[in-house]
Amino acid sequence: MYILGLTTMGDSAASLIRDGQLIAAVEEERFSRKKHHSGFPFKAIQFCLDHAGITLKDVEHVGHYWKPWILRHKAMQAAKAAFVSRDMFKARADRGLAQVSESYLGMFKHPRRLREHFGPSNFKFHFLEHHQTHAASAFFVSPFETAAILTWDGTGEDTTTLFCRGKANKIEVLKRIKLPHSLGQFYSAVTNFIGFDMFAGDEWKVMGLAAYGTPKYYDFFREKVLTTNGSSDFKFNVEVLDHHLAKHYKFPDGIVNELGPGRAKGEELTQHHWDIACSAQKALEDTAIYLVKQIKEMTGEENLCMAGGVAFNSVMNGRIFHETPFKNFYVQPAAGDAGCSLGAALLVWHQKLGSPRSFQMKHAYWGPGFSNEECRKVLDESGLKYETLPDEELLPKLAKTIADGAIVGWFNGRMELGPRALGARSFVADPRRADMREILNHKVKLREWFRPLAPSMQEEHGTEVFGVEHHDPFMITVIEVAEEYKSKIPAVVHVDGTARPQMVNKHVNPRYWNLINEFKKLTGIPMLLNTSFNVQEPIVCSPQDAINTFKNSNFDALVLENNLVIREAQNSE
Ligand SMILES: [Fe+2]
């Protein structure tokens, strides 16, 4: 039985499962080349169907990640905002109206849209609650038979935080927190306050900057903005910091009087902004830990699954993993809304149809892959000079090039689902070179100097590098680097002595593990610096995307499966 899962607004994506096994999953942005593509995922669906060799006729159920009719709460919030300020009412009403007309009402047309585009089919269409699809996307692919599940994001239909318990093939909702109390919207509003774009992926930047600051304004955030005092839930005080207003760079007096005006876009970043980022980050972490302890008390479970955009906060995750009483944790690589497409398909399969669980997500490689022949065809058309080498020659040669200072665009196997490059579409470089972060951020990726870079490392070396065993294949946790190791790998250690490693398992991605192994043979270091293979656009998907990026930017070598392009060779005719 085939079930299709869809995310159709903001990080649109499609996932296809067959008898409960994931077959294919991909974000629409990888095809449209528009970051965070929002809209019906036509191309992602087409890929999933093609990959399985089926048509829409073969799909029996479609799960959708949103119930478009839960609008009442939004209307109530807009009405309440009218009592706070005219600006706030206008911002909320404008956004609400736009959403209703463009998005929510449009969702009712999705079944028809599918049949019009992909041909007649008798599928049954299920509108599912957003946070329950987040919960399903984590728990149903986790290794756990039972677990506590916490999902948190900007907002779903009206829920922002969901507490659940998962047991076998069922998820039971225990408690929900609704708008305006949202950890995601709090973080997005802070993102805008320090002059970046919320919802455009800039939330990462706040976490990056936080490492450089001191929590000077922590008390303000915890006492006035994000509070847990005397209540069993957290409260986000939108009278002091409202993300609807933040969208327009308007900030209430409550925050301006304490922190000064928000930073305008492009204005110089100073210690003041780092301190705000650091304070807000710590406020988020402490609130999150408070909620995690609550769900531990509610469930008594030993395992915790998390999803929703907030679960991408790897610094927060590191603290949750180390400071809360849960023994085991699971966050899958598409913890944001793209992953809801997978959750929607699984929710139909398990919760609606009662099928038992049989799938566990151990890797992120669910997107398109290309054969050597397909790569060579595109290379031949591109006019680039290349050589084709077997792995026994290619991998040692690459390792040597990397150790000599090269940055390599590494294109290997099926593309990753989720925002992290995990050795399928990655730039790889030498983590020992202190200047590599500056070179990669500034000269290759054309982005801010403070963006951290992370290592991909052989899983079996965790204890040596961190002093403790560490298992995180999805780069979702920040962990302290052992003192004696910090100076060996300066490019991937954050200013506060931590790193966000991808632990590479020999059996899960053998080819990537072997490349790292060749680098270790030469240098004694069991890791490579790894950052996503893209320059100011979505991660590359096809060989053509990779070649376009190679031609338009400034890195040294491109590997498309077994085909190697060296930049110098292009000018040596
Ligand atoms: Fe979400």
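As a starting point, this report considers the structure included with it. Note that the structure is a prediction, hence the values are computed from the model and not measured.

## Here's the deal with the coordination of the iron ion
And then number 1: Surrounding the iron ion are the protein donor atoms H130 (NE2), H134 (NE2), D153 (OD) and D337 (OD), which sit 2.1 to 2.2 Å from the metal.
And then number 2: For the iron ion, the four donor atoms are set out with angles of 89 to 168° between them, so the coordination reads as irregular.
And then number 3: Counting the intervening residues between successive donors of the iron ion yields the motif H-x3-H-x18-D-x183-D. Of this pair, D153 sits in the loop between β6 (146–152) and β7 (159–167) while D337 sits in the loop between β12 (328–330) and α14 (338–352), and the two are 184 residues apart along the sequence.

## Some details on the pairing of strand β15 (residues 425–429)
And then number 1: Burial runs high along β15: five of the five residues are buried.
And then number 2: The alternating pattern of β15 places R425, F427 and A429 and S426 and V428 on opposite faces, both of which are buried.
And then number 3: The pairing of strand β14 (residues 408–411) with β15 spans four bridges and is classified as antiparallel. Residue pairing for β15: V408 is matched across the bridge by V428.
And then number 4: In terms of strand pairing, β15 meets strand β20 (residues 527–532) through four bridges, oriented antiparallel. In the sheet register, F427 faces β20, and the bridge partner there is T531.

## Structural notes on the packing of helix α6 (residues 130–139) against α14
And then number 1: Where α6 contacts α14, the axes come no closer than 7 Å and their chain directions differ by 85°. In this view, α6 runs roughly perpendicular relative to α14, as classed from their interaxial angle. Contacts between α6 and α14 involve H130, Q132, T133, H134, A136 and S137 on the former and, on the latter, G339, C340, L342, G343, A344, L346 and L347.
And then number 2: When grouped by side-chain class, the residues that make up the contact of α6 with α14 number six nonpolar, seven polar and no charged.

## Describing unusual backbone geometry
Glycine aside, the phi torsion of most residues is negative, and most peptide linkages are trans.
And then number 1: A cis amide bond links L179 to the next residue, P180, at an omega of 5°.
And then number 2: Within the fold, P180 resides in the loop between β8 (170–178) and α7 (183–193).
And then number 3: Of note, D19 is a non-glycine position whose phi angle comes to about 50°, a positive value.
And then number 4: What makes D19 partly exposed here is its relative accessible area of 41%.
And then number 5: For E561, which is not a glycine, the phi torsion comes out positive at approximately 55°.
And then number 6: With respect to the helices and strands, the residue E561 is situated in the loop between β21 (557–560) and β22 (563–566).

Calculation criteria
- Position labels on residues start from 1 in each chain and follow its written sequence.
- Local features in a predicted model are, by the rule used here, given only for residues with pLDDT of at least 70; side-chain atom pairs are given and counted only at 80 or more, and totals for whole chains, interfaces and linings are based on all residues.
- The basis for every side-chain value is the complete set of non-hydrogen atoms in the structure, without hydrogens or water.
- The donor set comprises N, O and S atoms within 2.8 Å of the metal, extended to 3.2 Å for Na, K and Ca; water molecules are omitted, so apparent gaps in a site may simply reflect that omission.
- Any coordination sphere not matching a tetrahedral pattern (four donors, all angles between 85 and 135 degrees) or a square planar or octahedral pattern (four or six donors, opposite donors over 155 degrees apart, other angles between 65 and 115) is reported as irregular.
- Helix and strand labels come from DSSP, where a helix needs a run of H or I of at least four residues and a strand needs a run of E of at least two; each type is numbered from the N terminus.
- When a residue's accessible area, from a 1.4 Å probe over protein chains only, is under 20% of the maximum for its type it is buried; when over 50% it is exposed; and in between it is partly exposed.
- Each pair of strands is called paired provided DSSP finds at least two bridges between the two strands.
- To get an axis, a line is fitted to the C-alpha atoms, and for a helix only the part in contact is used. The angle between two axes follows their N-to-C directions and goes from 0 to 180 degrees.
- An angle counts as roughly parallel when it lies under 35 degrees, as roughly antiparallel when it exceeds 145, as roughly perpendicular when it falls between 65 and 115, and as oblique in every other case.
- Contact between two residues is taken to exist if any of their heavy atoms lie within 4.5 Å; hydrogens are not considered.
- Basically, the charged four are Asp, Glu, Lys and Arg, the nonpolar ten are Ala, Val, Leu, Ile, Met, Phe, Trp, Tyr, Cys and Pro, and anything else, Gly included, counts as polar.

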